[in-house]
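Reading the structure
One-letter residues, chain by chain:
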Amino acid sequence: MKLYTQNSQNFLIALIIFFSAIQTSFSQTGNVREKVFINLNTHDLLVGETLQYATSSISYTNNKISHLSKYVYVELIGESGVIFQRKHQLIEGKAYGEFFIPSDIETGSYFLMAYTRWMQNFNDVSKSEISIINPYKDYINPQITNEKLNVEFGTTSGQIVANVTNKVILKASKGGKPVAIEARVINQDGTIEEVSTNNQGFGWFEISPNENESLQLLVEGQGDGFNFFDLPKPVLNGIGLNITHEERVMLLQPVGAVQNGTLTIYHQGKSIVERKIETRSPVRVQRDDLPKDVFTVVFKDASGREQFRSPLFNVEVSERRINNAFTTQSLATIDQYLPAGNYSISIRKAFSSEKPRQHAVADQNYVANGLQELQNTSVFSAIEEQPLPEKVGLLPEYRYQLLEGTLKAEDPAISVQNKHVILSLTGENDMNMAIARTDEKGRFVLEYETVHRGSMTPAHLTIPDFEQSYTVEIEENFINNHSLDFEPLIIDSTYYSDIKERSIISQIENAYFTPITDTIPVKNNVPPTIPYFNAHYEFDDYTRFKTLKEHFAEYIQVAGVRERKGEKRFVLYSLDEGFTFETDPMVFLDGVPVPMNEILEFSPYRIKSVDIFNRRYFLGSLVADGVLSFQTLEGNLGGFQFDRNHMVFELLSPQPAPKTSYNSFDSEDRVPDSRIQLLWLPDYKVNKSKTVPIQFQTSGIAGEYRMYIEGFTTNGEPVSIINTFTVNELDNE
């Protein structure tokens, strides 16, 4: 068991007891896990545009707000490496930010990654794929070894079962991009089924093949003559499942050797529907009998062996076209019914070259226009169930930020147990420190706070046992290595007109853009580690002497310097009558612990002031009889050199809260309004289920726009809504 930071000891003791308990119950519940839901304003960007994102930390099982973690880590990663790393504080489970795409970024595929420290115990990470195009840099499409048409086939169970009706889903692509095709399913006798795919490359058909029947898909008209694709061989004793979504009912029809099997629907890790299968009659499940969510349907054969599992969708997914058109440069309103919950809303111009937008709340791997298509396309995305670990190694950042590391002694005979490690954040105005104590292996976890500046904060780690020599290794809270599969980005003729239009719009917007300089300083809401001192001395107010010892001898009355056998040390005089100091005081230079004998040899001409606390002081479990806190003229240790037990590095502080909406344009400004992002509300709360008016200002850009609403109800039910509408040119005549 690790020994954690000594601050907030009661809290940490409770945490240790809690996690000791959950380690024994991991096999019984998954409710200790959390996940991060990502919503973006767009998945396709040009340089000069702004990526806006919102994250929600929710329970892995019930989609309700998770209170385990207070911080979320966000990264944008490309094939060449990390573009940015950010830390956000979660407020009621929500955090959001934005990133202006700079002109030096390369064209390609990227991933926005989001996770909490706690999620790393389960190898969980959320990701959303993004395409970025830089029209100002030459880009050569990657060499595709085979740009011929590619077709994949899939079923719910992964098998085509002989002598029964199978619903087969197909996915067509060319050069890594989805393609619409017209095709025929044929056997030795000719055509048995006509089939086509949509612009997203997906289609489906039903067949009842005989055992060992050879089936092919024949495609023509793709510019390379006839294409034949072999379907998987039918399995005589196979097991399958056809899922059909109707308005009020889900039909789950087992096919093949299903007698005496069991069909089970799981929700949040619990069985909510279980049916013994005696015939091939469909299992009818009323939608209203189930909550709105994504379930897992599992089929086990007569021997109890699991044959397959599949997602089952009962989410609030809707798409509609708003018939009444809006006009440019006018105030517009869309009325939308929303259950009580928290959502992100994006209104953005649609471009033909964009990838199909995903219903993110269902799963970011599934692309579809409705529940049936959502169900169909899910056969190409296997359910990955990460097993629960027997133990956890990382605590959640439940209230504070955490820094973990390991202490090592240069002399292997020296124990590394019960050693204090002090973190000093010298980038703050007030003294900001945290302390931890090591376990038997030298490991420690520091609990600390920083001002939210979104930048790197200077930090020092010090081991105040200056009699021995130690080194420290710290662990990064960001994941060091992501296993990512970057799809090649192919730019063809369909992109060119869109790229030209968007590039012109972006240049106009950025030409008239005036950055707003925030003159309000970031509020320092981190309380100082030592709230007050009883004495303060400015060295320039007195005569300066050559040594610190002389300063204390001449005018600093509450402390002094003693020397014995050539060893110098500070002594402080207790303010409490009848109380005698027994231990040494703690000595700091610009908030960093320093050895007493070495600071006494430091040049006093570099010191600005000293603050003194003449009472016994407790910093966690470290006890000292008083505190001396020196400040240098520069505030950066003034050239003081450590020869041991000290490490300098930087910590990333959380992002300050950005503006909560993107919905403004001053009509009085004599600049063109060329926005393609009309609205961005990353944290839109609905307290009571009702129809809400969503207002926005159209820009001077006509065309087709889409409103995306993604989020969760207060009961944890996912909601995904896409509204499409048209903005026409304003007729001034």
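Whatever comes next refers back to the structure up there.
One structure accompanies this document, and this report is about it.

Structural notes on the packing of aromatic side chains
On inspection of all chains with the given rule, the structure shows 25 aromatic pairs. Aromatic pair Phe-696 and Phe-725: ring centres 5.6 Å apart, planes at 40°, arrangement tilted. Pair noted here: Phe-696 is in strand β43 (residues 690-697) and Phe-725 is in strand β45 (residues 718-728), with a separation of 29 residues, a long-range link. Taking relative accessible area as the criterion, Phe-725 reaches 0% and is therefore assigned buried. Counting every residue linked through ring pairs, the aromatic cluster contains Phe-326, Phe-696, Tyr-705 and Phe-725. The aromatic ring of Tyr-60 is capped on one face by Lys-35, whose charged end is 5.9 Å from the ring centroid. Between the NZ or CZ atom of Lys-127 and the centre of the ring of Phe-111, over which it lies, the distance is 5.3 Å.

As for the pairing of strand β4 (residues 71-78)
Of all eight residues in β4, eight are buried, a share of seventy percent or more. Pairing of β4 with strand β5 (residues 81-89) involves eight bridges; the strand directions are antiparallel. Bridging from a neighbouring strand, Gly-78 pairs with Gly-81 of β5. In the sheet, β4 pairs with strand β7 (residues 108-115) via six bridges, with the strands oriented antiparallel. Within β7, the residue paired with Tyr-73 across the bridge is Tyr-115.

Comments concerning the sheet that holds strand β1 (residues 34-40)
Think of a sheet as strands paired side by side through backbone hydrogen bonds, with each pair either parallel or antiparallel. The sheet built from three strands is open, its strands ordered β1-β3-β6 with antiparallel pairing. Bordering the open sheet on either side are β1 and β6 (94-100), each of which pairs with just one other strand. Between one strand axis and the next, the sheet turns by 20° as a mean value, whatever way the strands run. Pairing geometry for strand β3 (residues 50-59) and β6, over seven bridges, is antiparallel. Along β6, the bridge assignment pairs Thr-55 with Ala-95.

Description of the pairing of strand β17 (residues 239-245)
Of all seven residues in β17, six are buried, a share of seventy percent or more. The loop that links β17 with its antiparallel partner strand β18 (residues 249-256) comprises three residues.

Some thoughts on the nonpolar core
Taken as a class, soluble globular proteins show a tendency for nonpolar side chains to be buried jointly. Ranked by internal contacts, the top residues of the largest apolar core, which has 29 residues, are Ile-556, Phe-570, Ile-599, Ile-612, Leu-628 and Phe-630. At three residues, the largest contribution of residues to this core is made by strand β39 (residues 607-619).

Topic: the sheet that holds strand β8 (residues 126-133)
Strands sit in the order β2-β8-β7-β4-β5 across an open sheet of five strands; the sheet is mixed. The sheet is open, and its two edges are formed by β2 (44-46) and β5, each paired on a single side. When the angles between neighbouring strand axes are averaged without regard to direction, this sheet yields 25°.

Description of unusual backbone geometry
Excluding glycine, residues mostly have negative phi values, and the peptide bonds linking residues are mostly trans. The phi torsion at Gln-329 lies on the positive side, around 55°, for a residue other than glycine. When you line up the elements, Gln-329 lands in the loop between β25 (326-327) and β26 (331-338). Even without glycine at this site, Leu-637 takes up a positive phi of about 75°. Mapped onto the elements, Leu-637 comes out in the loop between β40 (622-632) and β41 (646-652).

The rules we used
Residues numbered from 1 in each chain as written. Predicted model: local features only at pLDDT ≥ 70, side-chain atom pairs only at ≥ 80, totals over all residues. Heavy atoms only, no water. Phe/Tyr/Trp six-rings, centres within 6.5 Å; stacked < 30°, edge-to-face > 60°. Helix = DSSP H or I, 4+ residues; strand = E, 2+ residues; numbered from the N terminus. Buried < 20%, exposed > 50% of the residue type's maximum accessible area, 1.4 Å probe, protein only. Lys NZ or Arg CZ within 6 Å of the ring centre and 35° of its normal. Pairing = 2+ DSSP bridges. Axes fitted to C-alpha atoms, helices over the stretch in contact; angles between N-to-C directions. Core = buried A, V, L, I, M, F, W, Y, C linked by side-chain atoms within 4.5 Å.

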